[in-house]
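# Fold and contact review
Listed below, chain by chain, are the residues.
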Amino acid sequence: MYAAEAPPSRPALTVPELRRMKQDGRPIVALTAYDAGFAAVLDAAGVDLVLVGDSLGMVVQGEASTLPVTVDQIVYHSAAVARGLRSALLVADMPFGADATPERALDAGLRLLKEGRAAMVKIEGAGVKLETIRFLVEREIPVCAHLGLTPQSVHRLGGYKVQGRELAAAERLKAEAQAVEAAGASALVLECVPSSLAAAITREVGIPTIGIGAGADCDGQVLVLHDLLGLGVRRPRFVKDFLQDGGSIAGAVRAYAEAVRSRAFPAAEHGYA
Ligand code: KIV
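For the structure given in this document, a descriptive report is provided here.

### A few points about the sheet that holds strand 6 (residues 187–191)
Note: strands within a sheet are paired through backbone hydrogen bonds, in either parallel or antiparallel orientation. Overall, parallel pairing links the 8 strands, which are arranged 1-2-3-4-5-6-7-8 in a closed barrel. Neighbour-to-neighbour, the strand axes of this sheet turn through a mean angle of 25°, independent of strand direction. Of the strand pairs in this sheet, strand 7 (residues 209–212) and strand 8 (residues 220–223) are connected by 2 bridges, and their pairing is parallel. Bridging from a neighbouring strand, Gly211 pairs with Gln221 of strand 8. Here helix 4 (residues 71–84) sits on the sheet and contacts strand 2 (49–52) and strand 3 (89–93); the angle it forms with strand 3, its principal contact strand, is near 170°. Packed on one face of the sheet, helix 8 (residues 167–183) meets strand 5 (143–148) and strand 6 and runs near 175° to strand 5.

Written out as structure tokens, the structure reads:
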């Protein structure tokens with residue numbers, strides 16, 4: 001097996017640096033990974049933040065949703081990804097149910113940092129999760145919040161649908177974004193919300209927003225690695241197959257990173273009105 005080409009050295013990205021990137025207007029380039037080999041390719045290509053998402057359940061395990069993913073599985077994949085990273089910030093997803101109470105979330109969060117070597121955990125939702133976010137942050141577990149289309153809510157939402165289109169829903173999302181920031185979240189993933197709403201939230205909060213299907217005005221962008229490589233059966237509107245532009249996996253990741261940094265991606269056609 002060939003190791004990824006050694007990248008030019010760059011300082012390891014830290015959680016506080018994410019906020020500075022927002023302040024400086026430097027777009028955050030994020031991607032998911034689930035193993036050391038791909039993690040090394042992402043790191044070498046200059047990706048800033050690598051997420052061990054519970055999309056693991058769908059793109060690696062072949063499940064119909066993210067719900068079956070367990071803490072053990074995220075810990076295992078996060079530890080593998082950590083071995084492939086040198087500079088990128090590692091974020092691990094809190095699986096469905098693992099954050100049902102603050103105490104359970106603390107147990108899971110400690111495992112994700114200690115065994116999974118993550119620097120931050122991602123938690124879907126606001127509401128009762130606000131107490132959990134605060135509980136973890138006060139115990140030195142940085143949290144990335146996740147609002148909009150939260151895939152762990154698939155049954156309540158009735159499918160994977162764009163969120164925040166109606167005025168009341170948009171106002172609720174804005175209030176939730178303020179609330180997760182007040183609870184201590186260090187970053188906020190916004191998934192499948194109208195581009196104009198994501199832009200407004202990005203202006204209104206001090207923490208960086210990282211969009212997926214949320215338009216070009218977020219502070220950063222994230223994609224599921226398999227989508228970027230065109231591996232999905234159906235390509236969602238917000239995805240671009242970068243393998244066509246890049247010619248190789250490393251080239252595709254570099255093309256994505258460059259497109260996010262130059263704000264060429266996402267284009268208007270990748271967003272929602
Ligand atoms: O699980 C995941 O990969 C995610 C991203 C889509 C943000 O949550």
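### Observations regarding the site of the ligand
What surrounds the ligand is the set Thr32, Leu51, Gly53, Asp54, Ser55, Asp93, Lys122, His146, Ile212, Val222 and Val224. In the environment of the ligand, an oxygen atom lies 3.1 Å from a nitrogen or oxygen atom belonging to the side chain of Asp54. Look at the ligand: alone it shows 260 Å² of surface, and the protein chains cover 96% of it. Here the residues of the shell around the ligand are counted per class, giving 4 nonpolar, 4 polar and 3 charged.

### What about unusual backbone geometry?
A cis amide bond, omega 0°, links Phe265 with the succeeding residue Pro266. Tracing the backbone shows Pro266 in the segment after helix 12 (249–261). The phi angle at Arg117 is positive, at roughly 65°, despite the residue not being glycine. Structurally, Arg117 is set in the loop between helix 5 (102–114) and strand 4 (120–124). By relative accessible area, Arg117 is classed as exposed at 56%. With a phi angle near 50°, Cys192 is a residue other than glycine that sits in the positive phi range. Turning to its location among the elements, Cys192 is positioned in the loop between strand 6 and helix 9 (195–204). For Cys192, a relative accessible area of 5% puts it in the buried group.

### What about the pairing of strand 3?
Most of strand 3 is tucked away, with 5 of its 5 residues classed as buried. Covered by surrounding structure in strand 3 are Leu89, Val91 and Asp93 together with Leu90 and Ala92, the residues of both alternating faces. Here strand 2 pairs with strand 3 via 4 bridges, running parallel. Each residue of the ladder has a partner; that of Val52, found in strand 3, is Ala92. With 3 bridges joining them, strand 3 and strand 4 adopt parallel strand pairing. Paired with Asp93 across the strands is Lys122, a residue of strand 4. In this fold, strand 3 hands off to helix 5, which returns the chain to strand 4; that crossover is right-handed.

### Remarks on the pattern of salt bridges
Overall, the coordinates contain 16 salt bridges when judged by the stated rule. A salt bridge links Arg19 to Glu181; its shortest N-O distance comes to 3.9 Å. Of this pair, Arg19 sits in helix 1 (residues 15–24) while Glu181 sits in helix 8, and the two are 162 residues apart along the sequence. Among the ionic pairs, Asp48 bridges to Arg261, the shortest N-O distance being 3.2 Å. With Asp48 in the loop between helix 2 (36–44) and strand 2 and Arg261 in helix 12, this pair connects stretches of sequence that are 213 residues apart. Owing to a relative accessible area of 8%, Asp48 belongs among the buried residues under this scheme. The class for Arg261 is partly exposed, based on a relative accessible area of 38%.

Procedures and definitions
Residues numbered from 1 in each chain as written. Predicted model: local features only at pLDDT ≥ 70, side-chain atom pairs only at ≥ 80, totals over all residues. Heavy atoms only, no water. Pairing = 2+ DSSP bridges. Helix = DSSP H or I, 4+ residues; strand = E, 2+ residues; numbered from the N terminus. Axes fitted to C-alpha atoms, helices over the stretch in contact; angles between N-to-C directions. Contact = heavy atoms within 4.5 Å. Near = heavy atom within 4 Å. Polar contact = N/O pair within 3.5 Å; in protein donor to acceptor, adjacent residues only side chain to side chain. Areas by Shrake-Rupley, 256 points an atom, 1.4 Å probe, with all protein chains shown as cover. Nonpolar A, V, L, I, M, F, W, Y, C, P; charged D, E, K, R; others polar. Buried < 20%, exposed > 50% of the residue type's maximum accessible area, 1.4 Å probe, protein only. Right-handed = clockwise from strand over helix to strand, strands pointing away. Salt bridge = Lys/Arg side-chain N within 4 Å of Asp/Glu carboxyl O.

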